Amino acid sequence: MHLQTFSTPEEASEAVANLIISRINAFGPTQHHKFVLGLPTGGTPTRVYEILAERCEASEISFEHVISVNLDEYVGLPPTHEQSYHHFMEEHFDIPPSQTHILPGVPIHPIQIITGTDPSAASEWESDLKAHQVSCAAYEALITYLGGINLLFMGIGANGHIGFNEPGSSFESRTRVVALNEGTWEANARFFEDKSRVPTHALSMGLGTILDAQEIIVLALGSNKAEAIRRAVEDGINHMTPASVLQQHERVTFVADSSAASGRKEDTKEHLKLQSQSQSHSMHLASHGAAKSLITNSTNPPIDAAIDTCTSTTGDHGQRTNARPIVTLLAKGEVLLDHSEEGDEGDSLPGL
Ligand SMILES: O=P(O)(O)OC[C@H]1O[C@](O)(CO)[C@@H](O)[C@@H]1O
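Under an unreviewed UniProt entry, the name given to the chain is glucosamine-6-phosphate deaminase, and the organism recorded is Kwoniella heveanensis BCC8398. Annotation of the chain in UniProt includes, under Sequence similarities (unreviewed entry), the sentence "Belongs to the glucosamine/galactosamine-6-phosphate isomerase family." Word for word, the UniProt comment on the chain under Catalytic activity (unreviewed entry) is "alpha-D-glucosamine 6-phosphate + H2O = beta-D-fructose 6-phosphate + NH4(+)".

An account of the pattern of salt bridges is requested, with residue identities and associated values reported.
Within the structure shown, the criterion is met by 12 salt bridges. Among the salt bridges present, the one from Glu-50 reaches Arg-47, with a minimum N-O distance of 2.8 Å. Of this pair, Glu-50 and Arg-47 both sit in helix H2 (residues 46-57), separated by three residues, roughly a single helical turn. Residue Glu-50 is classed as partly exposed on the basis of its relative accessible area, which comes to 43%.

Could you give an account of the site of the ligand, naming the residues involved and the relevant values?
As a structural note, the neighbourhood of the ligand is formed by 15 residues, with Gly-43, Thr-44, Phe-164, Arg-190 and Lys-225 the closest of them. A distance of 2.7 Å separates an oxygen atom of the ligand from a polar side-chain atom of Lys-225. Taken by itself the ligand offers 380 Å² of open surface, and the protein chains cover 96% of this.

Would you mind going over the confidence of the model for the chain in detail, with residue names and values included?
When the pLDDT values of the chain are averaged, the result is 78; 71% of them are 70 or greater. Within the model, pLDDT remains below 50 along residues 110-114, and this stretch shows 17 contacts once partners closer than five positions in the same chain are excluded. Taken together, the stretch residues 347-352 has pLDDT below 50 and engages in 23 contacts with residues farther than four places along the chain or on a different chain. Under the prediction, the complex receives an ipTM of 0.96, its pTM being 0.77.

Account for the sheet that holds strand E7 (residues 176-179), with residues named and values stated.
Read across the open sheet, the three strands follow the order E4-E8-E7; overall the sheet is antiparallel. On the outer flanks of this sheet lie strand E4 (72-74) and E7, each paired with one strand and no other. Adjacent strand axes in the sheet meet at a mean angle of 30 degrees, parallel and antiparallel pairs treated alike. Across three bridges, E4 lies against strand E8 (residues 201-204) in antiparallel orientation. By the bridge assignment for E8, Asp-72 is matched with Ser-204.

An account of the pairing of strand E9 (residues 216-220) is requested, with residue identities and associated values reported.
For a regular strand, side chains alternate in direction, first toward one face of the sheet and then toward the other. Within E9, five of the five residues are buried, leaving the element largely enclosed by the surrounding structure. In this structure, strand E6 (residues 151-154) lies alongside E9, joined through three bridges in parallel fashion. Paired with Met-154 across the bridge in E9 is Val-218. Sheet topology places E9 next to strand E10 (residues 252-257); five bridges connect them, and they run parallel. What sits directly across from Ile-217, in E10, is Thr-253.

What counts and what doesn't
Per chain, the residues get numbers from 1 upward, laid out in the order the sequence is written. Local features in a predicted model are, by the rule used here, given only for residues with pLDDT of at least 70; side-chain atom pairs are given and counted only at 80 or more, and totals for whole chains, interfaces and linings are based on all residues. Calculation of side-chain values draws on the structure's entire complement of heavy atoms; hydrogens and water are dropped beforehand. UniProt positions are given in the numbering used here, feature names are shortened, and annotations may be inferred rather than shown by experiment. When a carboxyl oxygen of Asp or Glu is within 4 Å of a side-chain nitrogen of Lys or Arg, the pair counts as a salt bridge. Helix and strand assignments come from DSSP, with helices taken as H or I runs of at least 4 residues and strands as E runs of at least 2, each series counted from the N terminus. Only protein chains enter the accessibility calculation, which uses a 1.4 Å probe; a residue is then buried when its area is under 20% of its type maximum, exposed when over 50%, and partly exposed in between. The nearness test applies per residue and asks whether one of its heavy atoms lies within 4 Å of the molecule or strand. The definition of a polar contact used here is a pair of N or O atoms within 3.5 Å, where within protein one atom must be able to donate a hydrogen and the other to accept one, and adjacent residues in sequence count solely through side-chain atom pairs. Every accessible area reported is derived by Shrake-Rupley at a probe size of 1.4 Å, with residue values counting cover from the shown protein chains alone. What pLDDT conveys is the predictor's confidence in a given residue, as a value from 0 to 100. For this analysis, residues touch if any pair of their heavy atoms sits within 4.5 Å. Should DSSP find at least two bridges between two strands, the strands are regarded as paired. In this analysis an axis means a line fitted to C-alpha atoms, helices contributing only their contacting stretch, and an angle means the value between N-to-C directions, from 0 to 180 degrees.

This is the structure we're talking about:
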């Protein structure tokens, strides 16, 4: 797991956009070899989407052979509703609809918002639920059919949720109907006329679905995410912080602005800094042969910036072959350490 911190939301968003671009370009998608990109909604990713659009305009990246799959969608909002995630993606991410996949949260019965409190809606809800379960199973099948998710970009809720997997979600969970908890309902009320209009249910990729992605990037911006980030990266893996399960994934990068990273404990920051330094030091001491096996065996290239500068990359997702001298790749590790306002950007967490 990597945690990269940046002074501002702008820098953090730019880092995520760069990461996405470098991964897609390194993959080299073609008509018969598409790149599958998992995408979030919410307030966090909007600047990343703007930057991607700018880079697309500048021909630095093409989404022609990219397929997107969204993490989640509210239940009960038609795609035309301005707070549906269908509508959000149309507004923020400009790729042809034929390449975009979003869970269909639209109700089968004409209920605009399912509050779960209206008894007359109960039977409609029951039958809608069955239809949604079929959609969720179909979505899982779709992801499998696409060959899995190459890169999954996500935000994180203030309570540590990822997708709409609220605290208590099973680590094995697959795409399903979920009930939103009070905190999420309140947090997302800012997007609606009032809190009572926020759907109480959603369809969401499960934690098991998320863990199946080959690589994951989590972006966190703002002080209201500080506690979630601290719990996700410093506490043990536990159900009350769904994002903590990412600790067991081999290729995860948390990107945070300084406010979102501010909750981390001082002694942990120090520990992580030492880990990074000793990792970097031992890399320098490693013989060329040992270093080579370290790199080629790794499914988690240690330094993302290094990949951006590779003169030749083939294959995908940790199977890259690097035409540059290994030493260049290793030496790049120190560059990330220098970027941090606190000297801890690019920290490698213990156990890497
Ligand atoms: O980016 P925001 O609006 O803070 O939301 C955080 C997370 O919450 C969700 O919107 C779900 O509530 C996720 O899709 C998002 O990543």
